[in-house]
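# Remarks on the overall topology
Given next are the chains, with one letter for each unit.
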Amino acid sequence: MNYNFHGTNTISIGCFDEFDVNCSINLMRIFYELKKGTDCLYVYCFRLCSTDESAVLKIIDKCTKMGGFRSIEFDGFQLSFFVDANFEFKVIAKVLSELFFTFESPFFFFSKRAVNNEKIFQFLSDSGASSSMITSLFTGYVAYKEVEDDILWIRKSESESFECIRVT
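Residues numbered from 1 in each chain as written. Predicted model: local features only at pLDDT ≥ 70, side-chain atom pairs only at ≥ 80, totals over all residues. Heavy atoms only, no water.

Further remarks concern the environment of valine 142. Residue position: valine 142 is located in strand 7 (residues 140–144). For valine 142, the contacting residues outside a window of four places in its chain are Phe107, Phe108, Phe109, Ser131, Ile134, Thr135, Trp153, Ile154 and Arg155. (Helix = DSSP H or I, 4+ residues; strand = E, 2+ residues; numbered from the N terminus. Contact = heavy atoms within 4.5 Å.)

Quick look at the packing of helix 2 (residues 54–66) against helix 3 (residues 89–102) now. In contact at an axis separation of 11 Å, helix 2 and helix 3 are set at 165 degrees when each is read in the N-to-C sense. When the interaxial angle is binned, helix 2 and helix 3 end up roughly antiparallel. In terms of crossing hand, the pair formed by helix 2 and helix 3 is left-handed. Here helix 2 contributes Ala55, Val56, Ile59, Lys62, Cys63 and Met66 to the contact with helix 3, which in turn contributes Val91, Ile92, Val95, Glu98, Leu99 and Thr102. (Axes fitted to C-alpha atoms, helices over the stretch in contact; angles between N-to-C directions. Parallel < 35°, antiparallel > 145°, perpendicular 65-115°, else oblique. Left-handed = near helix turned anticlockwise from the far one by under 90°.)

Working note: regular strand, side chains alternate between the two faces of the sheet. The buried fraction of strand 8 (residues 151–156) is high, at 6 of 6 residues. Residues of strand 8 alternate between two faces, with Ile151, Trp153 and Arg155 on one and Leu152, Ile154 and Lys156 on the opposite face, all of them buried. Across 5 bridges, strand 2 (residues 10–14) lies against strand 8 in antiparallel orientation. Bridging across to strand 8, isoleucine 13 finds its partner in leucine 152. In this structure, strand 7 lies alongside strand 8, joined through 4 bridges in antiparallel fashion. (Buried < 20%, exposed > 50% of the residue type's maximum accessible area, 1.4 Å probe, protein only. Pairing = 2+ DSSP bridges.)

A separate point is helix 3. For helix 3, which comprises 14 residues, the first-to-last C-alpha distance of 20 Å matches the rise-based estimate of 20 Å (1.5 Å per residue) to within 8%. In terms of burial, helix 3 is a largely internal element, 11 of the 14 residues being buried. Looking only at helix 3, the buried set comprises Phe89, Ile92, Ala93, Val95, Leu96, Ser97, Glu98, Leu99, Phe100, Phe101 and Thr102. (Expected span 1.5 Å × (residues − 1).)

So, to be careful, I would describe these as geometric facts and stop short of saying anything about function.
Structural data, given as structure tokens:
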């Protein structure tokens, strides 16, 4: 894995290829490690990589059948939901990995404590909001994808560390 630090609070990790099993497993491990010690996961994804919505509908169906996912909303352009701390996170690491490759702009906010869902989704959907703004207002990690399809970016709050995500 290629880790690059961008200041003290941001890291980029690459290269992730959805067709490489080891890369997908490493991506799932990173999501699993980020979730440890957090209370909630807020997911906001927008812009599908293709015009075919069937992959998202399958993911939503899987999430609905598993339970534990709250406030799932999808309008053909954006998907949002949250998962509380009581849910077995190993189960959804695969879902996050699938979302990472299905959407052009997936954002995953791993919050240290549950906060007002509307407020979080408002920040995540605001085009002016940045990962640094979110991590300065709320404690946790924001994992996201930017222009590069195979790079995972992670922004942390000042009080957190990147030690939890060292994948070999």
